[in-house]
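# A closer look at the structure
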Amino acid sequence: MNFYDLDPESQRRKSLRRLFRFLRRYVAPYHPYYRRKFREASIDLTNLVSEADLHKLPVTTKDELRSDPLAFILRPAVADNPPPEGFDSSPLGARQILKYVWQAGVNRPREYSHLVRRPTFRERVRRRALMEWLPIHFHVSTGTTGNPTPATYTHYDLTRVLPALASLLIVPKVRDPNEAYYDWTDRTMNVFPGAPHLAFFTPVLAKTAAGTSTFETFGGHVIPTDRQVEIFAQGGFSTMTAVPSYLVHWLRRALELKSQGVIGPLDQWKRVLVGAEPLSEPLREYIRSLALELGVDPRFHILQSLGMTEMKWAFVECAEQSGIHMNPRYYFWELLDPETKQPVPEGEPGVLVFSHIDWRGTVLLRYWTGDLVKGGMRWQRCEKCGYTFPLVFPPICRAVKDFTKIKGTRVDLTDLVEAVRDAPGVRQFQIVLENEDPNDPYSRDMMTVHVAIEPEASQEQVEKTLRDRIKQYTEVSPDRIVFETDEDQLHERLFQRTGIKAEYVVERRHLHI
């Protein structure tokens, strides 16, 4: 039966069984880190039966992964290539070796290298094993929370797992004739900056895994924004992937070019997939208003995605406000309490935790993402598309990083950003937190809001609105509001640290823990 058409309870049980089978067959014998960690803790992965058994296993933190990323790569022991000292792994079993013998003998999947290499049969068998276990691709996190963290993929991941994930471009069971659903001929422009991170590579890998059409701009530093707009208008693109903050800048530039007659209406544009930053409903509606002013398809949709390097893939809403559809076949998902790390009731806020299923390369078990899902998770049949998925509901923020103390008050930085970004008249902004006396680490906190406003907006009215909203959202008042006249320079400051995500809040204080 279609895995994504199962009832929620059946799908959850089947996902858990797939996870336990994967742990017994692959993690227990071949995962250096978990093999050592669970042996030291006297945990036997072969005896897992229920979800309660899973909850007894410790979560994995980013610090653990970052400290020794090579230990998280599945690696069977090989006699002529011993692992590094301290790595513990078992040799491949007879079942796996017989599989490679059969594949080499019948040449399935088809392998072309022997046409010019004349390998021995033993070498052909070895080649089959390498295709499953040898890491051949990796990318890293952006490093905004520390040192970049790598995730590796093998040929097996790229040809067996990713096609199954990338092809899940959902069309509802009952189609609305007035909706614009994704078609295999649609063209996507990827405006994420070119760098070894998941946001850039997801569309790149999807085109080879599922046959989708994408064009990578490599970001505004490679192809300037104005030229991107012209290419988009001329190229018949219907879809875009972007960071919300850069998308706002892109849309504003497109409107200016449209007013100058450089481009016409973008009536072929049907949807945009946004990620890497939170998307509030006011921001979604503001993006929609800019897009409609550009003359996009009236059915234009703004879909939120969620992914990270450690996941090795990203997930998206099937429709606006449907909940982000997390894959249950190749992952098992949990939401845990930030303090107790115990499961929260369905629909309650919690930190997202996942376990890989049937991946090779980097494999994580109960990985603590640090993402606090405020809208909770519901494992259910989606009301919009009719298929069953674990649905994650925004807003989503960092459980630790997105909170700080300002003037003694605990502030949710997501609320602070929304208070400024969604204020009428605000075009762009950056908030700076610093000490009143830079030379005195114990001097009081200072909050300065740098803001560029709409041409028709009143500075006096914007300042009053900002002070009221920030106080209402955070219980803290800003010390200064600075009106910037050079919006391009402010935009450069926003992206200068990572080049990917806008740094809306800059921390310059001497913080004492």
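Provided above is the structure to which this section pertains.
Scope of this entry: the structure provided in the associated data block. (Residues numbered from 1 in each chain as written. Predicted model: local features only at pLDDT ≥ 70, side-chain atom pairs only at ≥ 80, totals over all residues. Heavy atoms only, no water.)

### A short note on helix α5 (residues 94–106)
The terminal C-alpha atoms of α5, which comprises 13 residues, lie 18 Å apart, in line with the 18 Å expected from a rise of 1.5 Å per residue. Of the residues making up α5, those classed as buried are Gln-96, Tyr-100, Gln-103 and Ala-104. The arc that holds the buried residues of α5, viewed along the axis, is 95°, so those residues lie on one side. Away from the buried face of α5 by more than 90 degrees, exposed residues Ala-94, Arg-95, Leu-98, Trp-102 and Gly-105 are located. Turning to α5, the residues buried within the fold contact α1 (8–30) and α7 (121–133). Once α5 finishes, Asn-107 follows within two positions and takes phi at roughly 55°, a positive value. (Helix = DSSP H or I, 4+ residues; strand = E, 2+ residues; numbered from the N terminus. Expected span 1.5 Å × (residues − 1). Buried < 20%, exposed > 50% of the residue type's maximum accessible area, 1.4 Å probe, protein only. Arc of directions from axis to C-beta. Contact = heavy atoms within 4.5 Å.)

### Quick word on the pattern of salt bridges
Enumeration over the complete set of coordinates arrives at 38 salt bridges. The partner of Glu-487 in a salt bridge is Arg-252, with the nearest N and O atoms 3.6 Å apart. Separated by 235 residues along the polypeptide, Glu-487 in helix α15 (residues 487–495) and Arg-252 in helix α11 (residues 244–259) bring together distant segments of the chain. For Arg-252, a relative accessible area of 6% gives the class buried. (Salt bridge = Lys/Arg side-chain N within 4 Å of Asp/Glu carboxyl O.)

### Observations concerning the packing of helix α8 (residues 155–166) against helix α9 (residues 198–210)
Axis separation between α8 and α9 bottoms out at 9 Å; the angle between their running directions is 100°. Taken together, the axes of α8 and α9 are roughly perpendicular relative to one another. Taking contact as the criterion, the partners of Leu-158, Leu-162, Pro-163 and Ala-166 in α8 are, on α9, Leu-205, Ala-206, Ala-209 and Ala-210. When the residues that make up the contact of α8 with α9 are grouped by side-chain class, the tally is eight nonpolar, no polar and no charged. (Axes fitted to C-alpha atoms, helices over the stretch in contact; angles between N-to-C directions. Parallel < 35°, antiparallel > 145°, perpendicular 65-115°, else oblique. Nonpolar A, V, L, I, M, F, W, Y, C, P; charged D, E, K, R; others polar.)

### Some thoughts on a positive patch on the surface
Taken together, Arg-13, Lys-14, Arg-17, Arg-21, Arg-24, Arg-25 and Arg-95 make up a surface patch of like positive charges. Per-element tally for the positive patch: the top contributor is α1, with six residues. Counting through the fold element by element, Arg-25 comes out in helix α1. (Patch = residues over 30% accessible without salt bridge, like charges linked within 9 Å, V, L, I, M, F, W, Y side chains within 5 Å. Areas by Shrake-Rupley, 256 points an atom, 1.4 Å probe, with all protein chains shown as cover. Lys, Arg positive; Asp, Glu negative; His and termini not counted. Charge placed at Lys NZ, Arg CZ, Asp CG, Glu CD.)

### With respect to the sheet that holds strand β4 (residues 213–216)
Read across the sheet, six strands follow the order β4-β3-β5-β6-β7-β8 without closing on themselves; strand pairing throughout is mixed. With partners counted over all chains shown, the strands left at the sheet margins are β4 and β8 (313–316), one partner each. In this sheet, neighbouring strand axes are inclined to one another by 25° on average, regardless of whether the strands run parallel or antiparallel. Examined bridge by bridge, strand β3 (residues 187–190) and β4 share four bridges and lie parallel to one another. (Pairing = 2+ DSSP bridges.)

### Observations regarding unusual backbone geometry
Residue Arg-108 is joined to Pro-109 through a cis peptide bond whose omega torsion reads -10°. The topology assignment puts Pro-109 in the loop between α5 and α6 (114–117). Between Pro-394 and Pro-395 the backbone carries a cis peptide bond, its omega angle lying at 5°. Here the phi dihedral of Lys-312 falls at roughly 80°; this positive angle occurs in a residue that is not glycine. By the secondary structure assignment, Lys-312 is in the loop between β7 (301–308) and β8. Under the relative-accessibility criterion, Lys-312 is labelled buried at 0%. A positive phi angle is found at Gln-321, which is not glycine, with a value near 65°.

### A closer look at the sheet that holds strand β13 (residues 377–381)
In spatial order, the strands read β9-β14-β13; together these three strands make up an open sheet with antiparallel pairing. Sheet topology places β9 (324–325) and β13 at the edges, where each strand pairs with a single neighbour. Relative to β13, α1 is tilted by about 115°, and along the sheet it contacts β13 and β14 (388–392).

### Some details on the packing of α5 against α7
With their axes 8 Å apart at the nearest point, α5 and α7 run at an angle of 115° to one another. Note that α5 runs across α7; the crossing there is right-handed. The residues of α7 that touch α5, namely those facing Lys-99, Tyr-100, Val-101, Gln-103, Ala-104 and Gly-105, are Phe-121, Arg-124, Val-125, Arg-128, Ala-129, Glu-132 and Trp-133. (Left-handed = near helix turned anticlockwise from the far one by under 90°.)

### What to know about the environment of Val-27
Relative to the helices and strands, Val-27 is located in helix α1. In this structure, the C-alpha to C-alpha distance between Val-27 and Met-240, residues 213 residues apart in sequence, is 37 Å. Ignoring anything within four residues of it in the chain, the contact list for Val-27 reads Phe-22, Tyr-34, Leu-45, Leu-74 and Val-363.

### As for the packing of aromatic side chains
Going through the model one piece at a time under the given rule, you end up with 30 aromatic pairs. Seen in terms of ring centroids, Phe-232 and Phe-237 are 5.6 Å apart; in terms of plane orientation they differ by 20°. Their pairing is stacked. Across the pair, exposure class does not vary: Phe-232 and Phe-237 are buried alike. With 5.6 Å between their ring centres and 55° between their planes, Phe-354 and Tyr-367 make a pair best called tilted. Note that Phe-354 is positioned in strand β11 (residues 350–356) and Tyr-367 in strand β12 (residues 367–373), a separation of 13 residues in sequence. We classify Phe-354 as buried; its relative accessible area is 0%. Clustering of aromatic rings is evident, with ring pairs tying together Tyr-153, Phe-315, Tyr-331, Trp-333, Phe-354, Trp-359 and Tyr-367. Sitting over the ring of Trp-133, Arg-360 keeps its end group 5.5 Å from the ring centre. (Phe/Tyr/Trp six-rings, centres within 6.5 Å; stacked < 30°, edge-to-face > 60°. Lys NZ or Arg CZ within 6 Å of the ring centre and 35° of its normal.)

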